[in-house]
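# Inside the fold
The residues making up each chain are set out below.
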There are 2 protein chains.
Amino acid sequence: MADDPPADLHKSPPDRLEEVQTRVWLRILSLYGEIFARLNRVLTAESGVSLAKFDVLAQLDRFSEGLSLGRLSQNLKVTGGNVSGLVQRLSADGLITREMSRADRRSFVVRLTPKGASVFAAARAAHQRELSACFRNVPASDLDVVLQALNGLAGQVHSKSTPVTE
Amino acid sequence: MADDPPADLHKSPPDRLEEVQTRVWLRILSLYGEIFARLNRVLTAESGVSLAKFDVLAQLDRFSEGLSLGRLSQNLKVTGGNVSGLVQRLSADGLITREMSRADRRSFVVRLTPKGASVFAAARAAHQRELSACFRNVPASDLDVVLQALNGLAGQVHSKSTPVTE
């Protein structure tokens, strides 16, 4: 369980609040870093696709009719990364196709190839296996508690930044 | 609060467990992505240092006697990134110095300059302000629940990967 010392209760409330905010962020950061690195390593070794490429393939697997480049970038906003670079490399590897849209000749539609679909299926199995290995010591009831807490947090994260004075 | 549909209770237990594991990971991923992007944007605009550079400065701020490059890389393992590239750029900006170690002439010791310390102080204030803005709608008691849940998870994440068949 936790090895953090308890937050100092003698601090004034605003200081203590800031301390807890920082700890929550550092925990998210370290969990992300550890799990990301493991998934990325296993995926790359077993299926030859990085986690960033995997995320592109996963999007295209959900949309068998294909996705415009713009929509794909939007859906991948969270993981960031250079979507057009990823698309170029996946296309060079024969895992996806990029064709001009029939509806809008200025835009490109991206689709999985049969090879891409089979690479993705194998990668998805490796991804799930490694994720389950990460969490193998976490009882289902604990995971539910974490999920509920994170869902609550995600719903409450304020979406507007403080104004930046430039 | 949550906009996720409840996990399907009619699924077999292993399927449901995998689904919850995936949801926990996707939540960590999206919270990380959103908060990282905001902190990075505000830091870069207000103090001219990216979040990756900020993490280097924060390490050096904790060790006023300086840190060896190797130790610095180790401490920054979580956030990854190219530490030697960051060190080079921070040094070119006059925020840190890099000197040969007196104890071991093969290794370099990195330290904050006075300019680096003052840039870091401003950046730290901006970092805390933006983090507090992210969490401004989250009551302290909810943050405690999240922190406890994440601490528990971090303590239980199994540190050994599944073997990779190469």
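The rules behind each value
- Residues numbered from 1 in each chain as written.
- Chains lettered and ligands numbered in written order.
- Predicted model: local features only at pLDDT ≥ 70, side-chain atom pairs only at ≥ 80, totals over all residues.
- Heavy atoms only, no water.
- Axes fitted to C-alpha atoms, helices over the stretch in contact; angles between N-to-C directions.
- Helix = DSSP H or I, 4+ residues; strand = E, 2+ residues; numbered from the N terminus.
- Parallel < 35°, antiparallel > 145°, perpendicular 65-115°, else oblique.
- Contact = heavy atoms within 4.5 Å.
- Nonpolar A, V, L, I, M, F, W, Y, C, P; charged D, E, K, R; others polar.
- Salt bridge = Lys/Arg side-chain N within 4 Å of Asp/Glu carboxyl O.
- Pairing = 2+ DSSP bridges.
- Phe/Tyr/Trp six-rings, centres within 6.5 Å; stacked < 30°, edge-to-face > 60°.
- Buried < 20%, exposed > 50% of the residue type's maximum accessible area, 1.4 Å probe, protein only.
- Buried area = accessible area lost by both parts, 1.4 Å probe.
- Polar contact = N/O pair within 3.5 Å; in protein donor to acceptor, adjacent residues only side chain to side chain.
- Expected span 1.5 Å × (residues − 1).

## Structural notes on the packing of helix H2 (residues 51-62) of chain B against helix H4 (residues 83-92) of chain B
Residues and elements named next belong to chain B. Interaxial distance between H2 and H4 falls to 10 Å at its minimum, and their mutual angle equals 80°. Taken together, the axes of H2 and H4 are roughly perpendicular relative to one another. From H2, Ala 52, Lys 53, Val 56 and Leu 57 reach across to H4, where they touch Leu 86, Arg 89 and Leu 90. In terms of residue class, the contact of H2 with H4 is built from 5 nonpolar, no polar and 2 charged.

## Notes on the pattern of salt bridges
A side chain of one charge can pair with a side chain of the opposite charge if their charged atoms are brought near each other. According to the stated counting rule, one finds 16 salt bridges over all chains in the structure shown. Between Glu 99 of chain B and Arg 111 of chain B there is a salt bridge; the shortest N-O distance is 3.6 Å. With Glu 99 of chain B in strand E2 (residues 96-100) and Arg 111 of chain B in strand E3 (residues 108-112), this pair connects stretches of sequence that are 12 residues apart. Several salt bridges converge on common partners, so that one network encompasses Glu 34, Arg 38 and Glu 130 of chain A.

## Side note on the sheet that holds strand E1 (residues 67-68) of chain A
All names here are of chain A. With antiparallel pairing, 3 strands are arranged side by side in an open sheet as E1-E3-E2. The open sheet has two edge strands with one neighbour each: E1 and strand E2 (96-100). As defined by bridge partners, E1 adjoins strand E3 (residues 108-112) across 2 bridges and the pair is classed as antiparallel. The partner of Ser 68 across the bridge, within E3, is Val 109. Across the sheet, helix H2 (residues 51-62) is in contact with E1, E2 and E3; its angle to E3 comes to roughly 95°.

## Section: the sheet that holds E2 of chain B
Residues and elements named next belong to chain B. Ordered by their spatial adjacency, 3 strands build an open sheet running E1-E3-E2, and the pairing between neighbours is antiparallel. In this open sheet, the two strands that pair with only one neighbour each are strand E1 (67-68) and E2. Taken strand by strand, H2 contacts E1, E2 and E3, and its axis lies near 95° from that of E3.

## Description of the packing of aromatic side chains
A complete count under the given rule lists 7 aromatic pairs over all chains for this structure. Each ring, one from Tyr 32 of chain A and one from Trp 25 of chain B, has its centre 6.2 Å from the other, and the planes form 15°; the classification is stacked. A residue pair is termed interchain when its members come from two chains, as with Tyr 32 of chain A in helix H1 (residues 13-47) and Trp 25 of chain B in helix H1 (residues 13-47). Trp 25 of chain B carries the same exposure label as Tyr 32 of chain A, and that label is buried. Geometrically, the ring pair formed by Tyr 32 of chain A and Tyr 32 of chain B is stacked, given 3.4 Å between the ring centres and 10° between the ring planes. With Tyr 32 of chain A in helix H1 and Tyr 32 of chain B in helix H1, the pair connects residues from two separate chains. Using a relative accessible area of 14% as the deciding quantity, one classes Tyr 32 of chain B as buried. Joined through ring pairs, the aromatic side chains of Trp 25, Tyr 32 and Phe 36 of chain A together with Trp 25, Tyr 32 and Phe 36 of chain B make up one cluster.

## Some thoughts on the interface of chain A and chain B
Across the contact, 69 residues belong to chain A and 69 residues belong to chain B. Counting the surface lost from both chain A and chain B, the interface buries some 6,600 Å², and carbon and sulfur atoms represent 67% of this. On the chain A side of the interface with chain B, the three residues burying the most area are Gln 21, Trp 25 and Gln 156 of chain A, jointly 11% of the side's total. We note a salt bridge from Arg 16 of chain A to Asp 144 of chain B, for which the minimum N-O separation is 3.4 Å. Taken together, the connections running from chain A to chain B amount to 10 residue pairs in polar contact (both at pLDDT 80 or more). Elements with a contribution of two residues or more to the side of chain A that touches chain B: H1, helix H5 (114-134) and helix H6 (140-156) of chain A. Top contributing element to the side of chain A that touches chain B by residue count: H1 of chain A, with 25 residues. When its residues are assigned to classes, the side of chain A that touches chain B shows 35 nonpolar, 18 polar and 16 charged.

## Description of H1 of chain B
An ideal rise of 1.5 Å per residue puts 51 Å on 35 residues; H1 of chain B measures up with 50 Å between its terminal C-alpha atoms. A positive backbone phi angle near 75° is found at Gly 48 of chain B, which sits one or two residues after H1 of chain B.

## Some points on the environment of Leu 69 of chain A
Residues and elements named next belong to chain A. Tracing the backbone through its elements, the reader meets Leu 69 in helix H3 (residues 69-75). Linking Leu 69 and Pro 114, residues 45 residues apart in sequence, is a C-alpha distance of 19 Å. With near-sequence residues (within four places) excluded, Leu 69 lies in contact with Val 87, Phe 108 and Val 110.

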